[in-house]
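# Descriptive structure summary
Read off the chains here:
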Amino acid sequence: MRILIYGAGGIGGYFGGRLAEAGNSVSIIARGKHLEAIKKNGLEVESINGNFKIIPSKVTDDLTEVEAPELIILGVKSWQIPAVAKELKSIINPNTMVLPLQNGANNVENLMKVLPKENILGGLCHIVSFVSAPGRIKHVSFEPKITFGELDNSKSARVQKLEKVFSVAKITNIVSEDIDLEIWKKFLFITTISALGGLTRISLGEMRESSYLMDLMRKTADEIKNVANAKGIALNEDHIKAVFEVINKLNPKTTASAQRDIMEGKPSELENFNGYIVKEGNRLNIPTPVNQFIYGCLLPMENQARMLAESK
């Protein structure tokens, strides 16, 4: 299969590497020193499941150099989706599948504002991996898994084909019975911990030691569930319970990627996480005071980070 990996960070680099290793024609969009290193030495992946190295069919920062792909996997941050979608308009055709794997609940919504709905699949992934050096990806935790599906949850021929492609590449994958619910279940987890971690600037273990902060996390999760329910998403108390079971089992030194971005003064996914809940809550008349507090406290820092990024 001809595959384009747009964004070769921890997610795109790992899954793109596995797909290339399995013999697919994989092109990669990358930037800066990461791009130059992959061009010179290929993409190296250090993984708890075994290290490997691949040479992409094409690695570039110019979409015009890429042959029209059958599948595009988006490995960028959720806040980058609108701009990336505009770029992709020039390369997709009616048979192109676009699969977002970002955290966030509105990635499909944002893609549909720019691209035809028929091109878009719903998706998410579970993996802890990151760029350890230019041209190198390090996978440190979780069995890598992609969950995906048609937006109407139908078992289409293209979804079945993609299931086989992932399986041949030894990527654990699930064709979801309810892709919206699966996306929101992960969104519930990541939004419950990320921005509060950025606000407190402490590890998950330290947050767990505070009954006050754990209560704030619980209230954050309750508000997310209430907004989801108002949108017709069947999040329930069992899903919240499952999230807190994971929170209580994670390594105490854990920090979320969005939290690290906030702490490092980088543009983050704040708008797509707590900001999205606040705005949807306002639209649907669902109170979200805890998410509003966290979002409001962090927004000035987020705006400053974006201004600095744009000035570079």
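This write-up is about the structure you can find in this document. Note that this is a predicted model, so its numbers are computed, not measured.

## What to know about the nonpolar core
Burial of nonpolar side chains together is a common tendency in soluble globular proteins. Counting residues in hydrophobic clusters, the biggest one holds 39 residues, and the most contacted among them are Trp184, Phe187, Met217, Leu235, Phe244 and Ile247. For this core, the secondary structure elements donating two or more residues are helix H6 (179-200), helix H7 (204-208), helix H8 (211-230), helix H9 (237-249), helix H10 (257-263), helix H11 (274-284) and helix H12 (289-311). When residues in this core are grouped by element, the largest group, nine residues, is from H6. For Ile247, the residues in contact, after removing those within four places along its chain, are Phe189, Thr192, Ile193, Leu204, Arg208 and Met217. Core analysis: the second largest hydrophobic core is formed by 36 residues, Ala30, Met97, Leu99 and Val159 among them.

## Digging into the side chain of Arg18
Inspection of the secondary structure puts Arg18 in helix H1 (residues 10-21). You can call Arg18 buried: its relative accessible area is 9%. When residues no more than four places from it in sequence are discounted, the contact partners of Arg18 are Ser47, Asn49, Gly50, Phe52, Ala169 and Ile171.

## Some thoughts on helix H5 (residues 157-168)
Look at H5: 17 Å from first C-alpha to last across 12 residues, which is about the 16 Å you get at 1.5 Å a residue. Listed in full, the buried residues belonging to H5 are Val159, Leu162, Val165 and Phe166. On an axial view of H5, the arc spanned by its buried residues comes to 115°, and they lie on one face. Looking at H5, the residues exposed on the side facing more than 90 degrees away from the buried face are Ala157, Lys164 and Val168.

## A word on a nonpolar patch on the surface
Together, Val128, Phe130, Val140 and Phe142 make up a nonpolar patch on the protein surface, roughly 310 Å² of accessible area in all. Among the secondary structure elements, those contributing two or more residues to the nonpolar patch are strand S8 (122-133) and strand S9 (136-149). Among the residues examined, Phe142 registers a relative accessible area of 42% and is labelled partly exposed.

## Things to note about the pairing of strand S2 (residues 25-29)
Counting buried positions along S2 yields four of five residues, so the element is predominantly enclosed. In the sheet, strand S1 (residues 2-6) pairs with S2 via five bridges, with the strands oriented parallel. Across the sheet, residue Ile3 finds its bridge partner in S2, namely Val26. Pairing of S2 with strand S5 (residues 58-60), which is carried by three bridges, proceeds in the parallel orientation.

Rules behind the numbers
Residues numbered from 1 in each chain as written. Predicted model: local features only at pLDDT ≥ 70, side-chain atom pairs only at ≥ 80, totals over all residues. Heavy atoms only, no water. Core = buried A, V, L, I, M, F, W, Y, C linked by side-chain atoms within 4.5 Å. Buried < 20%, exposed > 50% of the residue type's maximum accessible area, 1.4 Å probe, protein only. Helix = DSSP H or I, 4+ residues; strand = E, 2+ residues; numbered from the N terminus. Contact = heavy atoms within 4.5 Å. Expected span 1.5 Å × (residues − 1). Arc of directions from axis to C-beta. Patch = residues over 30% accessible without salt bridge, like charges linked within 9 Å, V, L, I, M, F, W, Y side chains within 5 Å. Areas by Shrake-Rupley, 256 points an atom, 1.4 Å probe, with all protein chains shown as cover. Salt bridge = Lys/Arg side-chain N within 4 Å of Asp/Glu carboxyl O. Pairing = 2+ DSSP bridges.

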